[in-house]
Amino acid sequence: MDAVDRTLIETLRANGRATYAELARLVGLSGPTVTDRISRLEQAGVITGYRAVINPGSVGLGVTALIGVLLSDAADLEDVGRRLRDVPEIEDCWFVAGEESYLLKVRAADPVGLEKILGRLNRIRGVARTRTTVALSTKWEGRQPPLDAEQL
């Protein structure tokens, strides 16, 4: 990983729709060379995907909540993780240290929708209880830290 790769990554983070020709002009390389570099970054797992970012409220998902999942003593951690994957309203799922085992970010249309999600979560075998924090507003979201040459 060198300065050119970091520039390509930063540019794609800012604009995932940048063309190879645009990227090539930016870093002063040929289009095929940039294509090869990006392919290597994808194969190495550095770049994991491209997506459109939407405004959740504009598609009817006005409630955002963070849900801590506390497991029972007899819970099968991997089984609970697989079952959480089956809940489509879970946008992000982290395995965390602390009292909770998982921390989830979910989206719902309204409080009634959130209540239904919580009911489904609490019915998963191994879930002892949940702890929910509802976001009142979003100041920013999806920010990525700058790439540091030392980290790569």
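Residues numbered from 1 in each chain as written. Predicted model: local features only at pLDDT ≥ 70, side-chain atom pairs only at ≥ 80, totals over all residues. Heavy atoms only, no water.

Looking at an unreviewed UniProt entry, one finds the protein named Lrp/AsnC family transcriptional regulator and attributed to Actinocrinis puniceicyclus.

**Overview of helix α1 (residues 3-14)**
Helical geometry note: an α-helix holds 3.6 residues per turn, so side chains three or four residues apart project in the same direction. In this model α1 runs 17 Å from its N-terminal to its C-terminal C-alpha over 12 residues, within 8% of the 16 Å that 1.5 Å per residue would give. Those residues of α1 not exposed but buried are Asp5, Arg6, Leu8, Ile9 and Leu12. Mapping the buried residues of α1 onto a view down its axis gives an arc of 160°, with all of them on the same face. For α1, the elements touching its buried residues are α2 (20-27) and α3 (31-43). Regarding α1, its N-cap is Asp2, as a side-chain oxygen of that residue lies 3.1 Å from the backbone nitrogen of Val4 further along. (Helix = DSSP H or I, 4+ residues; strand = E, 2+ residues; numbered from the N terminus. Expected span 1.5 Å × (residues − 1). Buried < 20%, exposed > 50% of the residue type's maximum accessible area, 1.4 Å probe, protein only. Arc of directions from axis to C-beta. Contact = heavy atoms within 4.5 Å. Polar contact = N/O pair within 3.5 Å; in protein donor to acceptor, adjacent residues only side chain to side chain.)

**Quick notes on the UniProt feature "domain: HTH asnC-type" (unreviewed entry) in the protein**
The positions UniProt marks with the feature "domain: HTH asnC-type" (unreviewed entry) are residues 1-62. Overall, residues 1-62 shows 53% helix and 0% strand. The separation of its end C-alpha atoms is 40 Å. (UniProt positions renumbered as here; feature names shortened; annotations may be inferred.)

**Structural notes on the packing of α1 against α2**
Two numbers describe how α1 lies on α2: the axes approach to 10 Å, and their chain directions differ by 135°. The angle between α1 and α2 falls in the class oblique. Relative to α2, α1 is oriented so that their crossing is right-handed. Residues Val4, Thr7, Leu8, Thr11 and Leu12 of α1 touch α2, and the partners they reach there are Leu23, Leu26 and Val27. (Axes fitted to C-alpha atoms, helices over the stretch in contact; angles between N-to-C directions. Parallel < 35°, antiparallel > 145°, perpendicular 65-115°, else oblique. Left-handed = near helix turned anticlockwise from the far one by under 90°.)

**Structural notes on the nonpolar core**
Residues Ile67, Leu84, Leu104, Val106, Leu114 and Leu121 are the most contacted members of the largest nonpolar core, which totals 19 residues. At the level of elements, β1 (63-71), α4 (77-85), β3 (102-108) and α5 (111-122) are the ones that each hand at least two residues to this core. At five residues, β1 tops the list of elements feeding residues into this core. If we skip the residues at most four places from it in the chain, Ile67 touches Tyr102, Leu103, Leu104, Val106, Leu114, Leu118, Leu121, Thr130, Arg131 and Thr132. Core analysis: the second largest hydrophobic core is formed by 11 residues, Leu8, Leu23, Val27 and Ile38 among them. (Core = buried A, V, L, I, M, F, W, Y, C linked by side-chain atoms within 4.5 Å.)

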